[in-house]
Amino acid sequence: MTFFQRIDLNTLTPLLLLSLFLAAAGCAPRPGPQALSVVSHGEAASQQVAITVATTRARDASTGTYSNARAPTLNFEAFTISIPPTHKVTQIEWPTSKPDPLTSFAVMDRTILPDLALGRNPPRSGPGAHSAGKRDILIFVHGYNYNFAESLFRLAQVAADGNLEEVPILFAWPSAASVTGYVADRDAVAYSRDDLVHVLKAASTDPAVGSITLFGHSMGGYLVAEALRQLRLSGQDKVIDRLENVVLAAPDIDIDVFRRQVQTIGALNPPITLLVSPDDRALKLSERLSGSRGRVGTRDASDPRVQALATANGIRVIDISKVDALDGSKHNRFAALMKVLPRGTKATFASLAYAGSFILEPVSATLVATRER
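Residues numbered from 1 in each chain as written. Predicted model: local features only at pLDDT ≥ 70, side-chain atom pairs only at ≥ 80, totals over all residues. Heavy atoms only, no water.

Details of the pattern of salt bridges
At step 1: Counting across every chain of the model gives twelve salt bridges.
At step 2: One salt bridge in this structure joins Arg293 and Asp256, with 2.3 Å as the shortest N-O distance. Taken as a pair, Arg293 in the loop between helix H8 (281-289) and helix H9 (304-313) and Asp256 in helix H7 (residues 255-265) lie far apart in primary sequence, 37 residues in all.
At step 3: Relative accessible area serves as the criterion here: at 38%, Arg293 is assigned to the partly exposed category.
At step 4: For the salt bridge of Asp279 with Arg333, the shortest nitrogen-to-oxygen distance reads 2.9 Å. In this pair, Asp279 sits in the loop between strand E8 (272-276) and H8 while Arg333 sits in the loop between strand E9 (315-319) and helix H10 (345-350), placing the two residues 54 residues apart along the sequence. (Salt bridge = Lys/Arg side-chain N within 4 Å of Asp/Glu carboxyl O. Helix = DSSP H or I, 4+ residues; strand = E, 2+ residues; numbered from the N terminus. Buried < 20%, exposed > 50% of the residue type's maximum accessible area, 1.4 Å probe, protein only.)

As structure tokens, this is what we get:
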């Protein structure tokens, strides 16, 4: 009997799903340490994005990157990322060898920090700044199967394309950056929960910080929900009250686990926003890997059970499946929202004033309540 004859259908189905996901992800090589090399300031770039990083990844002193090893304490660093003049919305122009600010995303500056260091930056004027010199921030928690450079440059892309009013902060946890590392990533999320709580507490008490948007993608959504649950259980309600917006995009969370999480967290004001897509292939794979347990990110906003969940727990569920997908996995649509929504997250989330379930119509950039369809 050959190897292939010994594989039963229950084993073969996940393998087929895995191969389909790998095919959807494409064959482009993943960025290595060279992507984080600092380039000359003399080169021109159309735009620069300053990002503060808080990470539970271990820092590799020899390469200047962050590995998937788990750091015993948080590491902090400030990056300045340049966006090339040839940049196309939703895309990350990766360097093929040495980064070139004229053709690719590139690191123009990086500085190791002792903490978030927001209070040491001079007050700025313009969007996102308050009269007292405070600045609004967006904390982005990346998802499963990301290496450090991918999470850093994805946040730079979103900030640049969305012309974000908020100061972008990356919370990078030690993902294995491997399709087969799903279980390892779940463990890495659990390892990082206390550290995300620490970052939220530090931001909420920093006199230099105005409003706070907390944005979790994929498995990062699970990390966000667990951190909020931990804050509530430990009586740190003031930290949660400081959050202006909480957004979970394509959340990779078991639906029953999520019900328990939101029962503990309680209704927020404004409500938690879920961005869902029933055709998300990456989450379909996650469901298979989790014993066919449904994930929150693939819920149908028109489902009466979803509407009841949203109403009962003060949540707004938005189906974004009509937004163009970035790749065959259909898992990163949040990064394409900047093509259809008003510039700046304040304008985007200010229009979502109440809980419920909605479908985003990209052409008109409007939300349609599912009860109206």
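Structural notes on H7
Side chains of residues three or four places apart in an α-helix project in the same direction, reflecting 3.6 residues per turn.
At step 1: Taken together, the buried positions of H7 are Ile255, Phe258, Gln261, Val262 and Ile265. Buried residues of H7, viewed axially, fall in a sector of 110 degrees; they line one side. Of the residues in H7, the exposed ones pointing more than 90 degrees away from the buried face are Arg260 and Gln263.
At step 2: Buried-residue contacts for H7 involve helix H5 (219-233), strand E7 (243-249), E8, H9 and E9.
At step 3: If you check the start of H7, you find a side-chain oxygen 2.8 Å away from the backbone N of Asp256, and it comes from Asp254. (Arc of directions from axis to C-beta. Contact = heavy atoms within 4.5 Å. Polar contact = N/O pair within 3.5 Å; in protein donor to acceptor, adjacent residues only side chain to side chain.)

Considering the side chain of Asp185
At step 1: Topologically, Asp185 is positioned in helix H4 (residues 182-205).
At step 2: Although Asp185 is buried, it makes no salt bridge; Arg57 carries the closest opposite charge, 7.0 Å away.
At step 3: Leave out the neighbours within four places in its chain, and Asp185 touches Tyr144, Asn145, Trp173, Pro174, Ser175, Ala176, Ala177 and Met219. (Lys, Arg positive; Asp, Glu negative; His and termini not counted.)

Here we look at empty space enclosed by the protein
At step 1: The tally for this structure, following the rule as stated, stands at three cavities of 30 Å³ or more.
At step 2: In this model, the largest cavity occupies a volume close to 50 Å³.
At step 3: Along the walls of the largest cavity sit 13 residues, with Ala250, Ser277, Ile320, His331 and Arg333 positioned nearest its centre.
At step 4: For the lining of the largest cavity, the residue count by class is six nonpolar, four polar and three charged.
At step 5: In this model, the second largest cavity occupies a volume close to 40 Å³.
At step 6: Taken together, Tyr144, Ser218, Asp252, Ala282, Leu283, Leu285, Ser286, Leu289 and His331 form the lining of the second largest cavity. (1 Å grid on protein atoms, 1.4 Å probe; cavity = no way out; pocket = protein on both sides within 12 Å on 5 of 7 lines; lining within 4 Å. Points joined across faces, edges and corners; volume = space filled by probe spheres on them. Nonpolar A, V, L, I, M, F, W, Y, C, P; charged D, E, K, R; others polar.)

Quick word on the packing of H5 against H7
Each packed pair of helices is defined by two parameters, the angle between the axes and the distance between the axes.
At step 1: Where H5 contacts H7, the two axes come as close as 8 Å, and the packing angle between them is 35 degrees. As for how H5 packs across H7, the hand of that crossing is left-handed. Residues Tyr222, Ala225, Glu226, Leu228, Arg229, Arg232 and Leu233 of H5 touch H7, and the partners they reach there are Val257, Gln261, Thr264 and Ile265. (Axes fitted to C-alpha atoms, helices over the stretch in contact; angles between N-to-C directions. Left-handed = near helix turned anticlockwise from the far one by under 90°.)

Observations concerning the pairing of strand E2 (residues 66-83)
Looking along a regular strand, one sees side chains alternate from face to face of the sheet.
At step 1: Direction of pairing for strand E1 (residues 47-59) relative to E2: antiparallel, over a ladder of eleven bridges. Across the sheet, Arg59 pairs through a bridge with Tyr66, a residue of E2.
At step 2: Linking E1 back to E2 in an antiparallel pair, the connection comprises six residues, with Gly64 at a positive phi of about 80 degrees. (Pairing = 2+ DSSP bridges.)

Considering the environment of Asn147
At step 1: On the secondary structure map, Asn147 appears in the loop between strand E4 (135-141) and helix H3 (148-162).
At step 2: With 90 residues separating them in the primary sequence, Asn147 and Arg57 have C-alpha atoms 9.9 Å apart.
At step 3: Non-local contacts of Asn147, meaning those with residues more than four positions away in its chain, are made with Arg30, Pro31, Arg57 and Ala177.
At step 4: A polar atom in the side chain of Asn147 sits 3.1 Å from the backbone oxygen of Pro31.

Digging into the confidence of the model for the chain
At step 1: Here the chain averages 82 in pLDDT, while 78% of its residues score no lower than 70.
At step 2: Mean pLDDT in the chain bottoms out at helix H1 (residues 3-6), which sits at 31, and peaks at H5, which reaches 98.
At step 3: Across residues 122-131 the pLDDT falls below 50, and counting only partners more than four positions away or on other chains, this stretch makes 17 contacts in the model.
At step 4: In the predicted structure, residues 349-353 sits below a pLDDT of 50 and forms eight contacts with residues beyond four places in sequence or in another chain. (pLDDT = per-residue confidence, 0-100.)

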